[in-house]
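# Overview (structure and organization)
Here is what each chain is made of, one letter per residue.
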Amino acid sequence: MRRLRTIPGWFILLLLLAGDCRRAGAQELSPRRDLAWGGDAEGGAPYLLPDPESPRRIIGFEVDLMEALARQLGRRQVFVQNQWDGLIPGLLRGNYDLAVNGLEITADRRQRIAFSIPYYACGEQLSVRQDEPGLRSLTDLRGHTVGTLKFSLAQRMLEEQGAMEIRAYENQNNAYDDLAIGRLDAVLMDWPIAIYYSRPNPALKFAGEPIGYLEYGIGLRPDDPALLREVNDGLRQMMRNGELRRIYEQWGIWNEETAQLFKRQLEGASTESLAGARPLPTPPVSWRDRLTRLGRYLSPMLRQGVPMTLLISILGMSLAMGVGLVIALVNLYGRRPFAFLARLYVEVFRGTPLLIQLYLIFYGLPNVGIRLSPLAAAVIGLGLNYAAYEAENYRAGILAIPHGQLEAALSLGLTRYQALRHVIVPQALRLVIPPVTNDFIALFKDSSIVSVITMVELTKVYGQLAATYYDYIGAGLVAALLYLLMGLPFVRLARWAERRYRIVGARNPAA
Amino acid sequence: MITVERLTKYYGKIRGLDEVSFRVAPAQLTVVIGPSGGGKSTLLRCLNGLEDFDEGRVRIGSFEVDVRPGQGQSGLTRLREEVGLVFQSFNLFPHLTAQANVQLAPRVVKGMAAAESAALARDLLDKVGLGERLDAYPHQLSGGQQQRAAIARALAMAPRVMLYDEPTSALDSALVGELIRIMRQLADDGMTQMVVTHDLALARELADQVLVMIDGQVIETGTPAEIFAAPREARTREFLGRYLA
């Protein structure tokens, strides 16, 4: 599900350019009686997923729900793919008229959008390893490491409980895998997810009854009361005629909570959800307001994001420089099979995506018994990847040292190793300060990618803030500025080192 | 002190060195002259083990140079402790000061303590007239000063033989006198020395023994008086004629 929640650049560009498309889009769709709904096909079972038989088709209980609803309303349903954590911005922008993808009805979401009557209800299910005796409730989780999905109600419940280490995943598979291998002590997720991803796993079991209560609703723009009434009528009709229950039973997720929900809805206690929705808050007007708002982002970014980004980058680069130097020396001076392996290392790590390397290190290595913490995996992943680039920098630097330097050292009785250690490498290191600095700055920015292995660093904090305040531009600018400011001192340091250790006339005047 | 017998080195099928034989007595200063490409520098590099050779024998003192594979580096390292080499382009280490250049080998190879090697470096640099420039980096030194630092660096390993490759080529003539003074002083101290050069004046002034080397062969050996006043070989006469004209 929720893989790769980084915010692509085009998204921000669209926000800037497409301010007016929203009304135009809505008008275009309604007259043709199309019911455009947005969801994330990567969301996973049982909600929305690519059909295993023919992956271009989307299936899931929400697809069945929307097909039935459209039929009920005499419309045609049109699915619009949208990343899960951008569902609400996409709705408000008018990319589609309904957001349907396990959206829990929460107070803060109601501030931005309107919700239909709930179409499904359930609790959060706690899963543990088969051999786990003790953990059964939220309070048992104190002091343990618990996984859940990013931006989910379960995450908020865990945060309110406190006193535990929470790892927020993009993808439910990864969370349950990490539980199975012992990286996590428990996983808390919506009951239907647990039914599909935890129960089939023989290493795992459900711990206790579902916790808490949540309802999924269809999200609508607050300025669309006609469509809201239409959707609510349709849903009630499907509750009444048993069609919804049939869909849920087909998918194996019919439960007591939903049965109670239907009963309440049909007894006429229909709370029109529109009443709860407030108009969109007006964007800040004065510069002062805007600055205050940007200032709000600073504290979490500085507290959580910046230190972790610095830590990962500095440790990662140290590892890269150490490993890179060894690789370069083996490549240049090692015996044949070792030199070949060094070259192979460079080609493999330079020629494959960092993202895949991180996945392999974090989610792949446990299969062969190597379990790394997220921080260790992040540092090792970045370090090994950049080591390939540093090795090439060093190799170039070493080759640039005139051969006479090696001969002079040898003629004084130094061994080859001593000559490298005291004469060649010190000069090569000075020579490659500029390209190594360049790579360090690049690594700084690449460190944002480790959010995919549950690290909370600056980009992850940015994503959370942006999703909370629906402000991708403001939070993005603050985060970008912080990256820039973090990098500058290192650039200054490198400039200083370059001047301090500059070698003038590395080539002696030859006759 | 140096004995070379039928030393031969091939570049492919060409003989870079062709059965070169000669002897250098202890404390003697030998100058090798001859046209460019005649094998002078190659000969020098063979004496230091920087270049391997195919046939013949080279003895430095009691040490037999053996560059066959499998001989390993330890033999070469021992040889190089006996033989100092001053390169044509000096090859000072640009990232180290003059003093650190001289200190490096005693510290790393002989494991000499920092204070001891520093004192040694100061003595040697003082001896070559660089006592005031200990902390200068190579690029801050003139060509002549760089050469003298390179001599001090080679002397730091206390070799019994010093080799010089074209030592005057990067010096203007005013500085050659200082070089000659240093080499004379070393000879007086008992150092065996060998110089490869185009510079016939240097040979005439300095040499105890002159070797004429043309096309990879030593075609004539003698004192400067013999070689310059009465060369026996026609090729020697031709070479001298071209350079002295």
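Note that the structure is predicted; figures quoted are calculated from it, not measured. (Residues numbered from 1 in each chain as written. Chains lettered and ligands numbered in written order. Predicted model: local features only at pLDDT ≥ 70, side-chain atom pairs only at ≥ 80, totals over all residues.)

Regarding its fold elements, chain A presents 20 helices and 13 strands. Here chain A holds 511 residues, and 43% of them are scored as buried. Residue pairs at least 24 apart in sequence account for 74% of intrachain contacts in chain A once pairs closer than 6 positions are excluded. (Helix = DSSP H or I, 4+ residues; strand = E, 2+ residues; numbered from the N terminus. Buried ≥ 20, exposed ≤ 12 C-beta atoms within 10 Å, placed from the backbone. Contact = placed C-beta atoms within 7 Å.)

The next point concerns the overall build of chain B. In terms of regular secondary structure, chain B is built from nine helices and 10 strands. The C-alpha radius of gyration of chain B comes to 18 Å, within 12% of the 18 Å expected for a compact globule of 245 residues. By its C-alpha atoms, chain B is 55 × 45 × 30 Å across when sized along the principal axes. Looking at chain B as a whole, 47% of its 245 residues are labelled buried. (Rg over C-alpha atoms; globule rule 2.2 N^0.38 Å.)

Moving on, we come to the interface of chain A and chain B. On the side of chain B, 29 residues touch chain A, which itself brings 25 residues to the contact. Of all the elements in the fold, those that place two or more residues in the side of chain A that touches chain B are α16 (403–411) and α17 (416–431) of chain A. Here the side of chain A that touches chain B takes seven residues from α17 of chain A, the largest share from any one element. Its residues placed into classes, the side of chain A that touches chain B shows 12 nonpolar, 10 polar and three charged. (Nonpolar A, V, L, I, M, F, W, Y, C, P; charged D, E, K, R; others polar.)

Residues and elements named next belong to chain B. Packing of helix α3 (residues 98–110) against helix α4 (residues 114–127) brings their axes to within 8 Å, and their N-to-C directions diverge by 125 degrees. Classified by the interaxial angle, the pair formed by α3 and α4 is oblique. Crossing of α3 over α4 shows right-handed handedness. Residues Ala-98, Gln-99, Val-102, Gln-103, Pro-106 and Arg-107 of α3 form the contact with α4, whose participating residues are Ala-114, Ser-117, Ala-118, Leu-120, Ala-121, Arg-122, Leu-124 and Leu-125. Of the residues contributing to the contact of α3 with α4, the split by class is nine nonpolar, three polar and two charged. (Axes fitted to C-alpha atoms, helices over the stretch in contact; angles between N-to-C directions. Parallel < 35°, antiparallel > 145°, perpendicular 65-115°, else oblique. Left-handed = near helix turned anticlockwise from the far one by under 90°.)

To continue, consider the domain arrangement of chain A. Residue and element names in this part refer to chain A. What the domain assignment reports for chain A is domain 1 (9–119 + 217–276), domain 2 (121–213) and domain 3 (287–500). Here the C-alpha centroids of domain 2 and domain 3 sit 34 Å apart. Contributing elements (two or more residues each) for the side of domain 2 that touches domain 3: β9 (165–169) and α7 (172–181). Class assignment of the residues belonging to the side of domain 2 that touches domain 3 gives a composition of four nonpolar, two polar and four charged. (Domains from an automatic or database assignment.)

This next bit is on the environment of Pro-159 of chain B. Residues and elements named next belong to chain B. Checked against the element boundaries, Pro-159 lands in the loop between α5 (143–155) and β7 (161–165). Among the residues examined, Pro-159 registers 22 C-beta atoms within 10 Å and is labelled buried. Between the C-alpha atom of Pro-159 and that of Val-83, which follows or precedes it by 76 residues, the distance is 5.1 Å. Setting aside residues up to four positions removed in sequence, Pro-159 forms contacts with Glu-81, Glu-82, Val-83, Gly-84 and Ala-154.

All names here are of chain A. If you walk across this open sheet you meet the five strands as β4-β1-β5-β13-β6, and the pairing is mixed. In the strand order of this sheet, the two ends are held by β4 (76–81) and β6 (114–115), each with one partner. In this structure, strand β1 (residues 34–39) lies alongside β4, joined through six bridges in parallel fashion. In the sheet register, Trp-37 faces β4, and the bridge partner there is Phe-79. (Pairing = 2+ DSSP bridges.)

For the rest of this paragraph, the subject is the packing of helix α15 (residues 374–399) of chain A against helix α18 (residues 433–446) of chain A. All names here are of chain A. Here α15 crosses α18 at 160 degrees, and the two axes come no closer than 10 Å. In terms of axis orientation, α15 runs roughly antiparallel to α18. For the pair α15 and α18, the sense of crossing is right-handed. Residue-level inspection shows Leu-382, Tyr-386, Tyr-389, Glu-390 and Asn-393 of α15 in contact with α18, the latter providing Pro-435, Val-436, Asp-439, Leu-443 and Asp-446. Classifying every residue of the contact of α15 with α18 by side-chain character gives six nonpolar, one polar and three charged.

This part covers helix α6 (residues 153–161) of chain A. Along α6 of chain A, the residues classified as buried are Leu-153, Ala-154, Gln-155 and Leu-158 of chain A. Considering only its buried residues, α6 of chain A is in contact with β7 (120–129), β8 (145–149), β9, β10 (186–190) and β12 (211–216) of chain A.

Another aspect to go through is the sheet that holds strand β3 (residues 29–33) of chain B. The pairing of strands in a sheet comes from backbone hydrogen bonds and takes either a parallel or an antiparallel form. Residue and element names in this part refer to chain B. Spatially, β6-β7-β8-β3-β9-β10 is the arrangement adopted by the six strands of the open sheet, whose pairing is mixed. If you trace the sheet from one side to the other, it starts and ends with β6 (83–86) and β10 (217–222), each paired once. Adjacent strand axes in the sheet meet at a mean angle of 20 degrees, parallel and antiparallel pairs treated alike. Where helix α9 (residues 234–244) meets the sheet, its contacts fall on β9 (209–214) and β10, and the angle it forms with β9 comes to roughly 95 degrees.

So, on to helix α13 (residues 336–351) of chain A. Residue and element names in this part refer to chain A. With 16 residues, α13 extends 22 Å from end C-alpha to end C-alpha; this agrees with the ideal 22 Å at 1.5 Å per step. Within α13, the full set of buried residues consists of Ala-342, Tyr-345 and Val-346. One face of α13 carries all of its buried residues, which in axial projection span an arc of 95 degrees. In α13, those exposed residues whose orientation departs by more than 90 degrees from the buried face are Arg-336, Pro-337, Leu-344, Glu-347, Val-348 and Gly-351. Of the surrounding secondary structure, the elements contacted by the buried residues of α13 are α12 (287–333) and α15. (Expected span 1.5 Å × (residues − 1). Arc of directions from axis to C-beta.)

Once that is clear, we can look at the pairing of strand β4 (residues 55–60) of chain B. The two faces of the sheet receive side chains in turn, since in a regular strand these alternate between them. Residue and element names in this part refer to chain B. Pairing geometry for strand β1 (residues 2–11) and β4, over five bridges, is antiparallel. Paired with Ile-2 across the bridge in β4 is Ile-60. Bridge count between β4 and strand β5 (residues 63–64): two bridges; the pairing is antiparallel. Following the sheet pairing, Arg-59 is matched in β5 by Glu-64.

Residue and element names in this part refer to chain A. In this chain, Ala-45 is followed by Pro-46 through a cis amide linkage whose omega measures -5 degrees. Tracing the sequence through the fold places Pro-46 in the loop between β1 and β2 (49–50). Look at Phe-151: it is not a glycine, yet its phi comes out positive at around 65 degrees. Relative to the assigned elements, Phe-151 resides in the loop between β8 and α6.

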